[in-house]
Amino acid sequence: MSEIQWKQITMEDEALIKGYYEQEQSRSCEFTFANNFLWSPHYKTRYAIVEGMLVFISGAENFSVSFPLGKGSEMKAMEVLFSYFKEMEKPFQMHMVTPEQFQKLEALYPGKFQIEYDRDAADYIYESEKLITLSGKKLHSKRNHLNRFKEEHPNWQYESITAENRHECMEMAEKWRQLNGCDEDEEKEAEFCVTLNALKNMERLGLTGGLIRLDGEVIAFSIGEPVCNDTFVVHIEKAYAHIQGAYPIINQQFAEHEAAGYLYVNREEDVGAEGLRKAKLSYRPVFLQEKGLVTLK
């Protein structure tokens, strides 16, 4: 039988998993413990240490693994993973593989693998300075939206999310859920659950949050954290779409207050949603962090 012992991700695993991520310095949004922990029930994600390297497995029947991370032997870890898939009588699959990781695979096993990049899973990476200042001709309309919001709502406020005001964010998330038909959409319902758990466990997970208040009411909030030395990742952003400028103001203010010390901001993927893709492209990402599915040729 396979020597791999897959484990559920718990809070107690944070130091172990973070230790492996700190060796990698990737800008990909998957490279944070909080993201793994919060989404693991939805994606049925577990982890194991294979030949001294960290590997995740996702899915039940049609499962796939992540690229091994750490300072151990990638080839030894890969051989154990090959054996596992053979034992389970499943085709080998490796998910969320970056171009840099695929290059490593090619070096280890020339011509053995193929990769299919998933545009829906690509992270949008922006220059933090551009998100904060919205400078330049291409972001002119964004500046206008922001200025209009500030003129029409002179009493708006930005606040950090704290133990004292987080319940207001939870209440706002519940209203957002009702407005966005989450009951009929499994992915949106999962996103709502992740949002609540992120708010409840912010301090424990090392997350940072900010909110926008209008006439005393929370109308938008964001939650994120550093993913590596030069990149801050925004995991969650919620705003009332019917309030014009609510999304632009939380986007700009959260970047200004939390990401100013970082070169880049990762605003994650668009999951193939047309409106979300249009919105994310409109902020002019400096590049996309590609990720793909690797299979044997």
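Look above for the structure.
Residues numbered from 1 in each chain as written. Predicted model: local features only at pLDDT ≥ 70, side-chain atom pairs only at ≥ 80, totals over all residues. Heavy atoms only, no water.

Student: Explain the environment of K104 to me, please; I cannot follow it from the model alone.
Tutor: Looking at the element boundaries, K104 is found in helix α4 (residues 99-108). With 30 residues separating them along the chain, K104 and E74 place their C-alpha atoms 8.9 Å apart. Those residues within four positions of K104 in sequence are excluded, and the remaining contacts are E24, F67 and E74. (Helix = DSSP H or I, 4+ residues; strand = E, 2+ residues; numbered from the N terminus. Contact = heavy atoms within 4.5 Å.)

Student: I'm lost on the sheet that holds strand β7 (residues 123-127) in this one. Help?
Tutor: The pairing of strands in a sheet happens through backbone hydrogen bonds and is either parallel or antiparallel. With mixed pairing, seven strands are arranged side by side in an open sheet as β8-β9-β10-β11-β12-β7-β13. Edge positions in the open sheet fall to β8 (157-160) and β13 (287-289), since each of these has one partner strand only. Neighbour to neighbour, the strand axes of the sheet diverge by 30° on average, direction disregarded. As paired strands, β8 and strand β9 (residues 208-214) are joined by four bridges and run antiparallel to one another. Within β9, the residue paired with Q157 across the bridge is R213. (Pairing = 2+ DSSP bridges. Axes fitted to C-alpha atoms, helices over the stretch in contact; angles between N-to-C directions.)

Student: Explain the pairing of strand β2 (residues 46-50) to me, please; I cannot follow it from the model alone.
Tutor: Residues in a regular strand point their side chains to alternate faces of the sheet. The pairing of strand β1 (residues 7-8) with β2 spans two bridges and is antiparallel. When the sheet's bridge partners are listed, Q8 is paired in β2 with R46. Where β2 folds back on strand β3 (residues 53-58), the antiparallel hairpin that results is connected by two residues, among which E51 adopts a positive phi of roughly 50°.

Student: I tried to follow unusual backbone geometry on my own but got confused; where do I start?
Tutor: Negative phi values dominate among residues other than glycine, just as trans dominates among peptide bonds. A positive phi angle, near 50°, is found at L134, a position not held by glycine. Inspection of the secondary structure assignment puts L134 in the loop between α5 (128-133) and α6 (140-152). Taking the relative accessible area as the measure of exposure, L134 reaches 3% and is therefore buried. One non-glycine residue, V271, lies in positive phi territory at about 45°. Along the chain, V271 turns up in the loop between β12 (264-266) and α11 (274-282). (Buried < 20%, exposed > 50% of the residue type's maximum accessible area, 1.4 Å probe, protein only.)

Student: Is there a simple way to think about the packing of helix α2 (residues 33-43) against helix α8 (residues 186-200) in this case?
Tutor: The geometry of a pair of packed helices is captured by two quantities: the angle between their axes and the separation between those axes. Contact geometry for α2 and α8: axes closest at 10 Å, N-to-C directions at 145°. The chirality of how α2 crosses α8 is right-handed. Of the residues in α8, those touching α2 at L38, W39, H42 and Y43 are E186, E187, A190, E191, V194, N197 and A198. Counted by class, the contact of α2 with α8 contains six nonpolar, two polar and three charged residues. (Left-handed = near helix turned anticlockwise from the far one by under 90°. Nonpolar A, V, L, I, M, F, W, Y, C, P; charged D, E, K, R; others polar.)

Student: How should the pattern of salt bridges be read in this particular structure?
Tutor: Oppositely charged side chains are able to pair whenever their charged atoms sit close together. Counted by the stated rule, this structure contains 18 salt bridges. With a closest N to O distance of 2.8 Å, E30 and K291 form a salt bridge. Taken together, the residues span a long stretch of sequence, with E30 in the loop between α1 (14-22) and α2 and K291 in the loop between β13 and β14 (292-296) at a distance of 261 residues. With relative accessibility at 1%, the residue K291 sits in the buried group. A salt bridge links E174 to R177, with the nearest nitrogen and oxygen atoms 3.2 Å apart. Of the two residues, E174 and R177 both sit in helix α7 (residues 166-179), three residues apart, roughly one turn of that helix. Exposure remark for R177: the relative accessible area of 18% places this residue in the buried category. Sharing partners across several salt bridges, the network here consists of R119, D120, D270 and R277. (Salt bridge = Lys/Arg side-chain N within 4 Å of Asp/Glu carboxyl O.)

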